[in-house]
Amino acid sequence: MALPHSVPRPPPVQAWQQWWWALLIMLPSLPVSIRMLGAVLGVMACSGGLLAAFVAQRYIVNVQAATPARRDLRVVLVVALLASVVTAFAVLFPHFNSQLPGHGSDRDDALNTAIAAVLHGEYPYARTTYLGNPITPLPGALLLALPFWLLGNSAFQAVAWLAVWSAALLGARRSWLTVFAIAASTLSPEALRETLTGGDLLANGVYVALAIWFTLQTVQCKAPSPVCMSLATLLLGVALTSRPNFLMLLPIVFAAVARQSGWRCALHLVGGACAVGFALALPFYFHAPEAFSPLHLGRKLQVPGAAWAQPVLILAGVTLPLLLAWRTNAERAFADCALVCAVPFLLATVVSVAVGQANLQMLGYVLCAIPFACLAMLRLPTGVRSATTTATR
């Protein structure tokens, strides 16, 4: 009879990891802080937020984690936080949704315009937003935004996914660190701006992170049901086919599933997710390849005065997940996903500053890495098996 095995405790969190997670939480807010407060005060505010995020993690992990407290208090705090965000959205979103340049964002308009075009039998990527920008969300994002569009506006998903995110984290672990993660991913200046203007960038990161988390939880079962496996495959395929940069997470997911449940399971699940993504995206691509605007997203990595930057940054964005896949596993998967989501835009910002064409707006795209950073910070269980158990399967 096989002896029962126990999952080893993860190693203690290192200080550099907490600095990195705090940096991912605060760095996307640097552009909006500078725009609102000026260069000096904006940098000082973000630096203060970075220090506060680091100190909060250290305090909670080292002190509060050992302090007993009523679980309902944490739930009440999160509910109050979400109620405040919903109230602020209800009051401020109509002002931001005026469709005037400089007011709000056109990300919700991109989804609304594209979904309306599809439902009217038209090609969505032939249209533009009210600011004249091309529509860049992939079909998976349109599908996930459809229920909210039917309710009146795709912008509603910005609040809805925060509620789902909070419920999922609290359901997995009711700790003060969980409350901190929810607050950090909701109340950082850029996250709050994205939510109140109805943008989908944070929502994208949330549902992709949840899909990967659900996938890792599903494959850890000794005999996962076909329904759960099919649902994980479907959700993963739809979520990853929301923005082109999320496709770079496939090597990380494949390696994590392979090391947790075997190569056959990884091929079945990730291959099925790719089939779902192809089924969603290829009809739109083949209809008009030259007008398929999501592929033009690489232009955001262009740096004026540095023609070499775009191909180098794209190469780095493709190479990084392949390198990380060699050493990733279920414990490291979320931290590696955060790296893949953040590094290309961080490098683009550094290059733009180095050539004298500073474009700090690229830091805003690091926002989609925050949910992965929070999951890495919480180190929620993903059913990691021992190597012996995996090998005997």
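Enquirer: In this structure, what is going on with helix α13 (residues 263-287)? I would like to understand it.
Expert: Think of an α-helix as 3.6 residues a turn; residues three or four steps apart then line up on the same face. With 25 residues, α13 extends 35 Å from end C-alpha to end C-alpha; this agrees with the ideal 36 Å at 1.5 Å per step. The axis of α13 is deflected most strongly, by about 35 degrees, at A281, and proline P283 appears within four residues downstream. Of all the residues in α13, the buried ones are C265, A266, L269, V270, G272, A273, V276, G277, L280 and A281. Here the buried face of α13 lies against α6 (139-150), α10 (201-219), α11 (226-240) and α12 (250-261).

Enquirer: What is the right way to read the confidence of the model for the chain from this model?
Expert: For any part of a model where pLDDT is low, the fine detail of the predicted coordinates should not be relied upon. Residues at a pLDDT of 70 or more form 89% of the chain, whose mean pLDDT is 86. When the elements of the chain are averaged for pLDDT, helix α17 (residues 387-391) gives the smallest value, 38, and α6 the largest, 96. In this model residues 1-9 is a low-confidence stretch, pLDDT under 50, and it forms three contacts with partners more than four residues away in sequence or in other chains.

Enquirer: For this particular structure, what's the right way to read the side chain of S33?
Expert: Tracing the chain through its elements places S33 in helix α2 (residues 30-37). Judged by its relative accessible area of 8%, S33 falls in the buried class. The contact partners of S33, leaving out residues within four places of it in the chain, are G38, G42, C46 and P189.

Enquirer: Sorry, what's going on with the environment of L27 here?
Expert: Summarising the element assignment, L27 is placed in the loop between α1 (15-26) and α2. Note: C-alpha distance between L27 and S47 (20 residues apart in sequence) is 9.1 Å. The residues contacting L27, other than those within four sequence positions of it, are L346 and L363.

Enquirer: I'm lost on the side chain of S188 in this one. Help?
Expert: Relative to the helices and strands, S188 is located in the loop between α8 (176-187) and α9 (189-196). Judged by its relative accessible area of 6%, S188 falls in the buried class. When sequence neighbours within four positions are dropped, the list of residues in contact with S188 reads I25, S29, A183 and I370.

Enquirer: Teacher, can you tell me more about helix α15 (residues 333-354) here?
Expert: For α15, which comprises 22 residues, the first-to-last C-alpha distance of 31 Å matches the rise-based estimate of 32 Å (1.5 Å per residue) to within 8%. At the C-terminal side of α15, G356 shows a positive phi close to 80 degrees.

Enquirer: So what exactly am I meant to see when it comes to the packing of α10 against α12 here?
Expert: Packed helix pairs are specified by the crossing angle of their axes together with the interaxial distance, meaning the distance between the axes. Look at α10 against α12: their axes get within 10 Å of each other, and the N-to-C directions meet at 15 degrees. Taken together, the axes of α10 and α12 are roughly parallel relative to one another. Crossing hand, α10 versus α12: right-handed. Residue-level inspection shows I212, T215, L216 and V219 of α10 in contact with α12, the latter providing V253, A256, V257, Q260 and S261.

Enquirer: For this particular structure, what's the right way to read the packing of aromatic side chains?
Expert: Each aromatic ring pair is described using two quantities: the centre-to-centre distance and the angle formed by the ring planes. This structure, assessed with the given rule, holds 11 aromatic pairs. Considering the side-chain rings of Y125 and F284, the 6.1 Å spacing of their centres and the 85 degrees angle between planes classify their relative orientation as edge-to-face. Within this pair, whereas Y125 is found in the loop between α5 (107-119) and α6, its partner F284 is found in helix α13, the two being separated by 159 residues in sequence. For Y125, a relative accessible area of 4% translates into the label buried. Aromatic pair Y125 and F292: ring centres 5.1 Å apart, planes at 75 degrees, arrangement edge-to-face. Of the two residues, Y125 sits in the loop between α5 and α6 while F292 sits in the loop between α13 and α14 (309-325), which places them 167 residues apart along the sequence. In this structure, Y125 and F292 share a single accessibility class: buried.

Enquirer: Any chance you could explain the nonpolar core here in plain terms?
Expert: Note on soluble globular proteins: their nonpolar side chains tend to be buried together. Grouped together as the largest cluster of nonpolar side chains are 107 residues, with contacts concentrated most on V208, I212, L249 and F372. The element best represented in this core is α10, accounting for 13 residues. Excluding residues that lie within four positions of it along the chain, I212 makes contacts with L236, L249, V253, F334, C337 and F372. One finds F89, F93, V159 and L196 within the second-largest nonpolar core, a separate group that totals five residues.

Enquirer: Hey, could you run me through a nonpolar patch on the surface in this one?
Expert: Together, M36, L37, V40, L41 and M44 give the surface a local cluster of nonpolar side chains, amounting to about 560 Å² of exposed area. Elements with a contribution of two residues or more to the nonpolar patch: α2 and α3 (39-62). No other element matches α3, which puts three residues into the nonpolar patch. As for its position among the elements, M36 is in helix α2.

Conventions adopted
- Sequence positions are assigned chain by chain, starting from 1 and proceeding in written order.
- Totals for whole chains, interfaces and linings use all residues, but because this is a predicted model, local features are given only for residues with pLDDT of at least 70 and pairs of side-chain atoms are given and counted only at 80 or more.
- Computation of side-chain values: all heavy atoms of the structure, hydrogens and water removed.
- Where helices and strands are cited, they refer to DSSP runs of H or I of at least four residues and of E of at least two residues respectively, numbered from the N terminus.
- A helix is expected to reach a length of 1.5 Å times the quantity of its residues less one.
- We define the bend at any residue as the angle between the axes fitted to the seven residues before and including it, ending there, and the seven starting there.
- We call a residue buried when its accessible area falls under 20% of the maximum for its residue type, exposed when it is over 50%, and partly exposed in between, using a 1.4 Å probe and counting protein chains only.
- Any two residues whose heavy atoms approach within 4.5 Å at even a single point are treated as in contact.
- Every residue carries a pLDDT, the predictor's confidence in it, which falls somewhere between 0 and 100.
- The axes used here are C-alpha line fits, helices contributing only the stretch in contact, and every angle between their N-to-C directions lies in the interval 0 to 180 degrees.
- We call two directions roughly parallel when the angle between them is under 35 degrees, roughly antiparallel when it is over 145, roughly perpendicular when it lies between 65 and 115, and oblique otherwise.
- Helix crossings are classified by the rotation of the near helix relative to the far one: an anticlockwise turn of less than a right angle makes the crossing left-handed, while a clockwise turn makes it right-handed.
- Between rings of Phe, Tyr and Trp, where Trp is taken as its six-membered ring, a pair exists when centres lie within 6.5 Å; planes separated by under 30 degrees are stacked, by over 60 edge-to-face, and by other angles tilted.
- Joining through side-chain atoms within 4.5 Å is the link that ties buried Ala, Val, Leu, Ile, Met, Phe, Trp, Tyr and Cys residues into a set, and such a set is a nonpolar core.
- Patch rule: a residue counts if its relative accessible area is over 30% and it has no salt bridge; like charges are joined within 9 Å, and nonpolar side chains (Val, Leu, Ile, Met, Phe, Trp, Tyr) within 5 Å.
- Surface exposure here means Shrake-Rupley accessible area, sampled with a 1.4 Å probe, where a residue is shielded only by the protein chains that are shown.
- The rule for a salt bridge is simple: a side-chain nitrogen of Lys or Arg has to be within 4 Å of a carboxyl oxygen of Asp or Glu.

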